[in-house]
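Fold and geometry: a report
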Amino acid sequence: MINNVYTVESVLAGHPDKVCDQLCDTILDSFIEYDKNANVTVECLGTGNTLFLGGEVASNMDIDIISSVLKKYHDIGYTENLEIINRIHRESSQTNSPIKNGEAGDQGVMYGYACEEENYNYLPTGVFLVNRIAEEIDRLKKYNKNMLPDGKVQLTINEDGKIDTLVICVQHKPEISIEKLQADIMKHLKIVIPEIGHAKKTYFNYHSKFYQGGFSIDAGLSGRKIVADTYGGLIPNGGGSFSGKDPYRLDRSGAYMARFIAKNLVANEFCKECLVSLAYVFGNPHPVMINVKSDQQALDRQLLNFIKTNFDLRPPAIVERLNLYNFHYTQTATYGHFCNSKYPWEQIIKL
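Here is a short report on the structure shown in this document.

1. Examining the packing of helix α4 (residues 125–141) against helix α5 (residues 178–192)
Between α4 and α5, the least distance of the axes is 10 Å, while the angle of their chain directions is 125°. Judged by the inter-axis angle, α4 sits oblique to α5. By crossing handedness, the relation of α4 to α5 is classed as right-handed. Between α4 and α5, the contacting residues are Arg132, Ile133, Glu136, Ile137 and Leu140 on the first element and Asp184, Ile185, His188, Leu189 and Val192 on the second. In terms of residue class, the contact of α4 with α5 is made up of six nonpolar, one polar and three charged.

Here it is as structure tokens:
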């Protein structure tokens, strides 16, 4: 299903879009930590020193949203204060009632994918590695005070499945030379991710000085990195953002369930590659479409029947099976939603 040669990207935690994703999931976590019945769907836009919050919440809890958001913003590494314009309002019964009845609260399409790359959490090599690289750069940032929050990583995989081109762009203090910064980062990466040593070409802050970052230089918008959050554009994408949405929002939980099914079919050796597609319609508890495509085309009909028999795809059943209301979502807003094997939808079960 995937070309041998491809390019994927990830971003650091301080990238403006990722900051917005983390802030949205911080709001989500603040509600569901104290109210397991909370329904939340929020978005945010950051530009300059201003942050706009919007969306809907249905909860009896009174949460200090602004304090939670500012704390997370500073934890990411930004020191300035933000003017926060909060326009989050109570969710309409028009969308909330179907959710309370166990039905889909919106229409949408979701995809889940897995392949037999067991060492890379059953993901394409590049998808897993580009997120690991971003994560390790952020980890190094905690000790290297010359590094600042913003940055991006891009990876091209060649026909041999090795890294052909590595592109790293990291915000930094003016007093550190790019050569010194590159040496520090590459030394760390080569130790923790040996595959880096196979890269034929590396571009580091290529033809650019990166002193300013975050909202001061680039507007951030939640949900805009949904392609990087999932499979890097290598397979179809449903398009609905994940961050800021509670577990009953099928853009999120439906995609998690599709991944759970695909990964477990591959991990249990039903097939070597699997794409699961789901579609829902507003007010219906069951998907209006379930489809599976694998490397064993002759078995796809059997796999489809197996999915229908063994997986309950109603929204409440997904939430219960994956235990989605007992989870902190802010951690998923960086380095991909499918790269951490400890997430509940990444667990391997015996089929």
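2. Some remarks on the sheet that holds strand β2 (residues 39–47)
Pairing is mixed across the open sheet formed by four strands, whose spatial order is β4-β3-β2-β9. Pairing within the sheet leaves two strands with one partner each, and these edge strands are β4 (83–90) and β9 (220–221). Pairing of strand β3 (residues 50–58) with β4, which is carried by eight bridges, proceeds in the parallel orientation. Bridge pairing links Gly54 to Arg87 in β4. Most of the contacts of helix α1 (residues 16–32) go to β2, to which it runs at about 150°, and overall it touches β2, β3, β4 and β9. Taken strand by strand, helix α2 (residues 65–76) contacts β3 and β4, and its axis lies near 130° from that of β4.

3. Overview of the packing of α1 against α2
Taken N-terminus to C-terminus, the directions of α1 and α2 make an angle of 135°; their axes are 9 Å apart at the nearest point. It follows from the interaxial angle that α1 and α2 lie oblique. Crossing of α1 against α2: the hand is right-handed. In this structure, α1 contributes Val19, Gln22, Leu23, Thr26, Ile27, Ser30 and Phe31 to the contact, and α2 contributes Ile65, Ser68, Val69, Lys72, Tyr73 and Ile76.

4. Some words on the side chain of Arg252
Mapping Arg252 onto the fold places it in helix α7 (residues 250–267). Look at Arg252 and you get buried, because its relative accessible area is 0%. Of the polar contacts made by the side chain of Arg252, one reaches the side chain of Thr332; its length is 3.0 Å. Sequence-distant contacts of Arg252, defined by excluding residues within four places in its chain, comprise Asp25, Leu28, Phe242, Ser243, Gly244, Lys245, Tyr329, Thr332 and His337.

5. Things to note about the environment of Asn121
Its location among the elements puts Asn121 in the loop between β5 (108–115) and α4. A relative accessible area of 8% means that Asn121 is categorised as buried. Each C-alpha atom of the pair Asn121 and Phe338 lies 8.1 Å from the other, and the pair is 217 residues apart in sequence. Each residue touching Asn121, except ones within four places of it in the same chain, is listed here: Phe128, Arg259, Lys263, Phe338, Cys339, Asn340, Ser341 and Glu346.

6. Points about the packing of aromatic side chains
Evaluated as defined, the whole model comprises 17 aromatic pairs. Judged by centre distance (5.8 Å) and plane angle (10°), the ring pair of Tyr73 and Phe215 falls under stacked. With Tyr73 in helix α2 and Phe215 in the loop between β8 (201–204) and β9, this residue pair connects regions lying 142 residues apart in the sequence. The pair formed by Tyr73 and Phe215 is uniform in burial state, with each residue classed as buried. Aromatic pair Tyr113 and Tyr231: ring centres 6.0 Å apart, planes at 80°, arrangement edge-to-face. Separated by 118 residues along the polypeptide, Tyr113 in strand β5 and Tyr231 in the loop between α6 (226–229) and α7 bring together distant segments of the chain.

Quick notes on the rules
Just so you know, the residues in each chain are numbered from 1, in the order the chain's sequence is written. Only residues with pLDDT of at least 70 get local features here, since the model is predicted, and only at 80 or more are side-chain atom pairs given and counted; chain-wide, interface and lining totals rely on the full set of residues. With hydrogens and water set aside, each side-chain value is computed from the structure's full complement of heavy atoms. Axes, fitted as lines to C-alpha atoms, cover a helix only where it is in contact. Angles between the N-to-C directions of the axes lie from 0 to 180 degrees. We count a stretch as a helix when DSSP gives it H or I for four or more residues in a row; a strand needs E for two or more, and each element gets its number in order from the N terminus. Here the word oblique covers every angle except those under 35 degrees (roughly parallel), over 145 (roughly antiparallel) and from 65 to 115 (roughly perpendicular). Crossing handedness is defined as follows: a turn of the near helix away from the far one that is anticlockwise and smaller than a right angle gives a left-handed crossing, while the clockwise case is right-handed. Residues count as neighbours in contact if any of their non-hydrogen atoms are within 4.5 Å of one another. Classes in brief: Ala, Val, Leu, Ile, Met, Phe, Trp, Tyr, Cys and Pro nonpolar; Asp, Glu, Lys and Arg charged; the others, Gly included, polar. Any two strands with at least two DSSP-identified bridges between them are counted as paired. Classification of residues uses two cut-offs on accessible area relative to the type maximum, computed with a 1.4 Å probe and protein chains only: under 20% is buried, over 50% is exposed, and between them is partly exposed. For the purposes of these results, a polar contact is taken to be a pair of N or O atoms within 3.5 Å, where, inside protein, one atom must be able to donate a hydrogen and its partner to accept one; residues adjacent in sequence count only when each atom of the pair is a side-chain atom. To pair, rings of Phe, Tyr and Trp, with the six-membered ring standing in for Trp, must have centres within 6.5 Å; the planes then decide the type, stacked if under 30 degrees apart, edge-to-face if over 60, and tilted in the middle.

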